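# Examination of the molecular architecture
Here is how the chains run, residue by residue.
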Protein chains: 2
Amino acid sequence: MRTSLDCVPCFIRQTLDAVRMISEDRGVHEAIVREVLDWTSKMEFSDSPPDMAQRIHRRLREMTGEDDPYREIKQTHNLLALRLLPEMQKKIGAAEDPLILAVRLAIAGNVIDMGVSGNVDEEDIIREIDKALSEAFTGDGEEFRKAVEESREILYLADNAGEIVFDRLLIEQLPPAKVVLAVRGRPVLNDAVRKDAETAGLNRMVRIVDNGSDAPATIFEDCSPEFRELFETADMIIAKGQGNFESLSSRGENIYFLLKAKCPVIAEHLGLPVGTHVASRFSRDSL
Amino acid sequence: MRTSLDCVPCFIRQTLDAVRMISEDRGVHEAIVREVLDWTSKMEFSDSPPDMAQRIHRRLREMTGEDDPYREIKQTHNLLALRLLPEMQKKIGAAEDPLILAVRLAIAGNVIDMGVSGNVDEEDIIREIDKALSEAFTGDGEEFRKAVEESREILYLADNAGEIVFDRLLIEQLPPAKVVLAVRGRPVLNDAVRKDAETAGLNRMVRIVDNGSDAPATIFEDCSPEFRELFETADMIIAKGQGNFESLSSRGENIYFLLKAKCPVIAEHLGLPVGTHVASRFSRDSL
């Protein structure tokens, strides 16, 4: 999807949140804000929002000399989610429809997003889990089930650390034998990389590939040839989170987007209220 | 006060809100956003936030060829407040302490601010009035009363249209004979100009001056010599709203700021929570 003018204040807000998290040097804060303002004044609005986020986070890493500034927070989120895992597995095991409950919980995990809110705690996550247990998502669950059943290979595009533990719940139901899990190629924001997939125990369950890119999204042109081939040959793609939606919303009928619509621009693009839990292919008719 | 880095995303947000209100041309929206991004990338953070707002709104008027784009909304707010006026006057007349209730209501009127929220309706205003009736403000009411009693000339710096009807309630208690009312020198945002003071009936009660400036604030250096002399000779200055606070917080011990702290940067500068109603001189000790 294109970048909206409404994304621009949010780029600046996110830059500030990110640089304050990474550095205590006010000079660094001001310098990066000035740079991002200059970039956005000249940006192409036909690019998707994560193009700019990729550029911002590259520059943040360069300015601070820190290759993975979110390392600690990612590990905190992974461990927090892992503590909740057995209880959630039990609930899925006891559910009338384990697949659909796993979809709901995978979407709930999408609340762990340092790009949108800058902060998330255990209470937020538990609130989302409770909501997922009682509320349906927008999208056709039966169509999703059928696509899963008919697919030989499902490419699962992970989103954030912590959230990836929730993805494990869904992958366990697909089942894992069908799944190739893709993570980001390099650390960016709190997005999941290979290490996070391993922390979630997914390396013992599925084949893991990295997409070769450091965008907080799946910018197809920026991904490795290996990933692109997988993307083009998979029967079904499950794309988690807003970044993957922003970068892939115009690409392919076999992509199921699982996300919580956290920002007004994405909610409007989806034609749904902010806060909606979505599991659907994207065409304005399908929702 | 200086501009905070946190003001920057808000400048862009406010620019977008304003240009969308004024023009339906997406090309105009994009052009002004790009310009403001470029300006802010190079701005002096030692300037106060309204310096940038002044520049933005000048450019908006220039680009749209509309000298007073908020004319209609200002009149709507004036008339809305005028409908509520008799009831508020009755409450003040029946109050145990009319001056203090008038201060509270004048602060409540500060909710009418197109710069911060982009939108305000009758319900918001009535909610603020109810709050003002029951809740105290932060500041020393007795010190304020004493300053009023001991002053021969009080310079009252108005803020927004609509809000100026609430200012009338306070001016009636000062009493009017002591008051010179200052409004903005030219239309900017929904700030009150002479016509709004007249609509509020204040021309029949007090001397009205305009400050000679088109800033949504009182940027002293930008004001007319006549206004500056009044400012320097008045015994007491009552400055309404965030813009006047942002531009005058470091100037003079005889300035009483009456405002609702609507934004986190100002609240932090005041050392008070967002949403606090304030009637106080500004030094960190006095609050």
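Being a predicted model, the structure only gives us computed values, none of them experimental.

Residues and elements named next belong to chain A. This structure, assessed with the given rule, holds three cavities of 30 Å³ or more. Roughly 40 Å³ of volume is contained in the largest cavity. If you go around the largest cavity, the residues you meet are Ile22, His57, Leu60, Arg61, Asp68, Pro69, Tyr70, Pro187, Val188 and Leu189. Among the elements that make up the lining of the largest cavity, the one with the highest residue count is helix α3 (residues 49–64) (three residues). When grouped by side-chain class, the residues that make up the lining of the largest cavity number seven nonpolar, one polar and two charged.

With that out of the way, let us pick up the pattern of salt bridges. Residue and element names in this part refer to chain A. Tallied over the entire structure, the rule returns 62 salt bridges over all chains. One salt bridge connects Asp97 with Arg145, and the closest N-O pair in it is separated by 2.5 Å. Of this pair, Asp97 sits in the loop between α4 (71–94) and α5 (98–108) while Arg145 sits in helix α7 (residues 141–150), and the two are 48 residues apart along the sequence. For Asp97, a relative accessible area of 26% corresponds to the partly exposed category. The salt bridge involving Arg281 is made with Glu253; its shortest N-O contact spans 3.9 Å. Note that Arg281 is positioned in the segment after β6 (277–280) and Glu253 in the loop between α11 (241–248) and β5 (255–260), a separation of 28 residues in sequence.

The operation relating chain B to chain A is a screw motion whose rotation component is 180°, with 0.0 Å of axial translation and a residual RMSD of 0.0 Å. The transformation just described matches what one would write down for a two-fold rotation axis. In terms of C-alpha distance to the rotation axis, chain B has B:Pro9 as its closest residue, with the C-alpha 2.3 Å off the axis. Looking at chain B, 100% of its interface residues are interface residues in chain A too, so the copies touch through the same face.

With that settled, the discussion passes to the layout of surface pockets. Computed from the structure, the largest pocket encloses a volume of approximately 1,000 Å³. As for the largest pocket, its lining consists of 39 residues, and the residues nearest its centre are B:Met1, B:Thr3, B:Ser4, B:Cys7 and B:Val265. The set of elements that each furnish at least two residues to the lining of the largest pocket consists of α1 (7–22) and α2 (26–41) of chain A together with α1 (7–22), α3 (49–64), α11 (241–248) and α12 (264–270) of chain B. The greatest single-element share of the lining of the largest pocket, amounting to five residues, is contributed by α12(B). Its residues assigned to classes, the lining of the largest pocket comprises 16 nonpolar, eleven polar and twelve charged.

All names here are of chain A. As for its position among the elements, Asn160 is in the loop between β1 (154–157) and α8 (163–173). Classification of Asn160 as buried rests on a relative accessible area of 1%. Within the local environment of Asn160, its side chain forms a polar contact with the backbone oxygen of Ile112, the two atoms lying 2.7 Å apart. A distance of 3.2 Å separates the side chain of Asn160 from the side chain of Asp159, its partner in a polar contact. When sequence neighbours within four positions are dropped, the list of residues in contact with Asn160 reads Asn110, Ile112, Asp113, Asn190, Asp191 and Ala192.

Take unusual backbone geometry next. Residues and elements named next belong to chain A. The amide bond that connects Leu174 to the next residue, Pro175, takes the cis arrangement and shows omega of 5°. Note that Pro175 resides in the loop between α8 and β2 (179–183). Phi is positive for Leu189, close to 50°, though the residue is something other than glycine. Structurally, Leu189 can be placed in the loop between β2 and α9 (194–199).

The next subject is the environment of B:Val33. With respect to the secondary-structure elements, B:Val33 resides in helix α2 (residues 26–41). Residue class for B:Val33 comes out buried when judged on its relative accessible area of 1%. Here the alpha-carbon distance between B:Val33 and B:Arg13, two residues 20 residues apart in the chain, equals 9.2 Å. Ignoring any residue separated from it by four or fewer positions in sequence, one finds B:Val33 in contact with A:Leu5, A:Val8, B:Ile12 and B:Leu16.

What follows covers the sheet that holds strand β3 (residues 207–210) of chain B. Residue and element names in this part refer to chain B. Overall, mixed pairing links the six strands, which are arranged β3-β2-β1-β4-β5-β6 in an open sheet. Since the sheet does not close on itself, it has two edges, and those belong to β3 and β6 (277–280), each with one partner. Within this sheet the neighbouring strands show an average axis-to-axis angle of 20°, counted without direction. Relative to β3, strand β2 (residues 179–183) runs parallel, the two sharing four bridges. Residue pairing across strands places Val180 opposite Arg207, the latter belonging to β3.

Among the nonpolar cores identified, the biggest contains 102 residues, and A:Leu155 and B:Leu155 are the most heavily contacted of them. With residues near it in sequence (within four places) discarded, A:Leu155 still touches A:Val180, A:Ala182, A:Phe227, A:Leu230, A:Phe231, A:Ala234, A:Met236, A:Ile237 and A:Ile238.

What follows covers the environment of A:Ala132. With respect to the helices, strands and loops of the structure, A:Ala132 is situated in helix α6 (residues 122–134). Separated by 25 residues in sequence, A:Ala132 and A:Ile107 have C-alpha atoms that sit 7.8 Å apart.

Another aspect to go through is the interface of chain B and chain A. Taken together, the contact between chain B and chain A spans 19 residues of the former and 19 residues of the latter. Carbon and sulfur atoms supply 62% of the area that chain B and chain A bury against each other, a total of about 1,700 Å² over both sides. Ranking the residues of chain B by area buried against chain A places B:Leu5, B:Arg34 and B:Leu37 at the top, with a combined share of 33%. Joining chain B to chain A, the criterion identifies four salt bridges. B:Asp6 is paired through a salt bridge with A:Arg20; the nearest N and O atoms lie 2.8 Å apart. On the surface where chain B and chain A come into contact, there are eight residue pairs in polar contact (both at pLDDT 80 or more). In terms of residue class, the side of chain B that touches chain A is made up of nine nonpolar, three polar and seven charged.

Conventions adopted
Residues numbered from 1 in each chain as written. Chains lettered and ligands numbered in written order. Predicted model: local features only at pLDDT ≥ 70, side-chain atom pairs only at ≥ 80, totals over all residues. Heavy atoms only, no water. 1 Å grid on protein atoms, 1.4 Å probe; cavity = no way out; pocket = protein on both sides within 12 Å on 5 of 7 lines; lining within 4 Å. Points joined across faces, edges and corners; volume = space filled by probe spheres on them. Helix = DSSP H or I, 4+ residues; strand = E, 2+ residues; numbered from the N terminus. Nonpolar A, V, L, I, M, F, W, Y, C, P; charged D, E, K, R; others polar. Salt bridge = Lys/Arg side-chain N within 4 Å of Asp/Glu carboxyl O. Buried < 20%, exposed > 50% of the residue type's maximum accessible area, 1.4 Å probe, protein only. Least-squares fit on C-alpha atoms with pLDDT ≥ 70 in both. Contact = heavy atoms within 4.5 Å. Polar contact = N/O pair within 3.5 Å; in protein donor to acceptor, adjacent residues only side chain to side chain. Pairing = 2+ DSSP bridges. Axes fitted to C-alpha atoms, helices over the stretch in contact; angles between N-to-C directions. Core = buried A, V, L, I, M, F, W, Y, C linked by side-chain atoms within 4.5 Å. Buried area = accessible area lost by both parts, 1.4 Å probe.

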